[in-house]
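Each chain, written out:
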Amino acid sequence: MSWLTLPITLAAGGSEPSTNPADAISHVISHRFAELGPVHFTNHMMMSFVAVVVLLVSAFAYKRKLEQASAKGDIVTGRLAQTFEVLLMFVREEVARPNLGKLTDKYVPYLWTIFTFILFANVLGLIPTGPIAGYIAYQMGSENHYGWSYLGGTATGTLALTVPLAVSAFIAINWIGYREQGKHYFEHFNPGPSYMAPLLVPLEVMGLFIKCIVLAARLFGTMMAGHLVIAVFIILITAASSASLILGGIVGLGFTVIGFAIMALELFIAMLQAFIFTFLTTLFIAQGAVGHEEHDEHAAEDAINDPNDEVDYPPSYDRPADPLPT
């Protein structure tokens, strides 16, 4: 194998370049790598576990820094800790509080959990763990080097994870709504007169299920689509390299530049999808847990306290002159 084909080999999963179009799909679907009796473990299950471990380690590390800073009467230091704090503050102040109002501090831990977990799972999926492992196994002469290339992946790129996340959101929406509104929560399923209940209640219940289905499908489809685009580029590069090494180098160089741009876009989408899932979940929770009167009250408070609102100042001749500097 020439050193010129190393980037192609690494991108293709550590094996010799392949022009099989099915490889574009094989690198984004789940693959079994371990079995325990009737239970089998996939690469996406492993990455879900990794995301949980990274989240817990990061949370406890941030908690420790926060306690140390509070004991000294100082602010949290360190780029990672401050980044973590900025993300949490953003979710609380810009996502939860405008929708949940006084219920924000009560339920923001759940929103923090789903936001950070999805964010970590998305970002970890951008690390080429499988290609690196596959290339190392290939260089070591392993017969299963192609299997190693399936190690890693984006945990949220499978319905096996996004559906449970949507189910947890469904439970949170109904449980929080009933906990805060009591029996009045069920009035949301019949916003019209009582004689319209046979028509409106099934529609509202169906709408609630559809909302959660969309949460799962949106996250799954978006995260899988980005990796499919990268995989298709890899197939084009390997097809060109199989025809001519020079052609493969030219095509590979061009797609490498495009690939960097796509990976930057993938990083943005990873953060955006975590925000969208959290924002929509918060919005659905607020629809059932926060009454219309409370919504109006929050809107009035925002209108009063918003510093960006335009103020009608009186004309200059009606205002007292500014004091002269002394």
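Just so it is clear, the model here is predicted, and its values are computed rather than measured.

Caption draft 1: Spotlight on the pattern of salt bridges. Scanning the model with the defined rule gives five salt bridges in all. One salt bridge in this structure joins K63 and E67, with 2.6 Å as the shortest N-O distance. Of the two residues, K63 and E67 are both situated in helix α3 (residues 43-72); the distance of four residues between them amounts to about one turn of the helix. Taking relative accessible area as the criterion, K63 reaches 44% and is therefore assigned partly exposed. In this structure, the salt-bridge partner of E93 is R92, at a minimum N-O distance of 2.8 Å. We classify E93 as partly exposed; its relative accessible area is 28%. Beyond isolated ion pairs, a larger network of salt bridges with shared partners links R92, E93, R97 and D105.

Caption draft 2: Representation of helix α6 (residues 129-139) within the structure. Within the span of α6, buried status applies to G130, P131, A133, G134 and A137. Angular distribution of buried residues about the axis of α6 spans 165°; they occupy a single face of the element. Remark: G141 follows α6 within two positions and exhibits a positive phi of approximately 80°.

Caption draft 3: Expanded view of the pairing of strand β1 (residues 32-36). Where burial is concerned, little of β1 is hidden: zero out of the five residues are buried. As paired elements, β1 and strand β2 (residues 39-42) share four bridges and run antiparallel to each other. Bridge pairing links A34 to F41 in β2.

Rules of the game
Residues numbered from 1 in each chain as written. Predicted model: local features only at pLDDT ≥ 70, side-chain atom pairs only at ≥ 80, totals over all residues. Heavy atoms only, no water. Salt bridge = Lys/Arg side-chain N within 4 Å of Asp/Glu carboxyl O. Helix = DSSP H or I, 4+ residues; strand = E, 2+ residues; numbered from the N terminus. Buried < 20%, exposed > 50% of the residue type's maximum accessible area, 1.4 Å probe, protein only. Arc of directions from axis to C-beta. Pairing = 2+ DSSP bridges.

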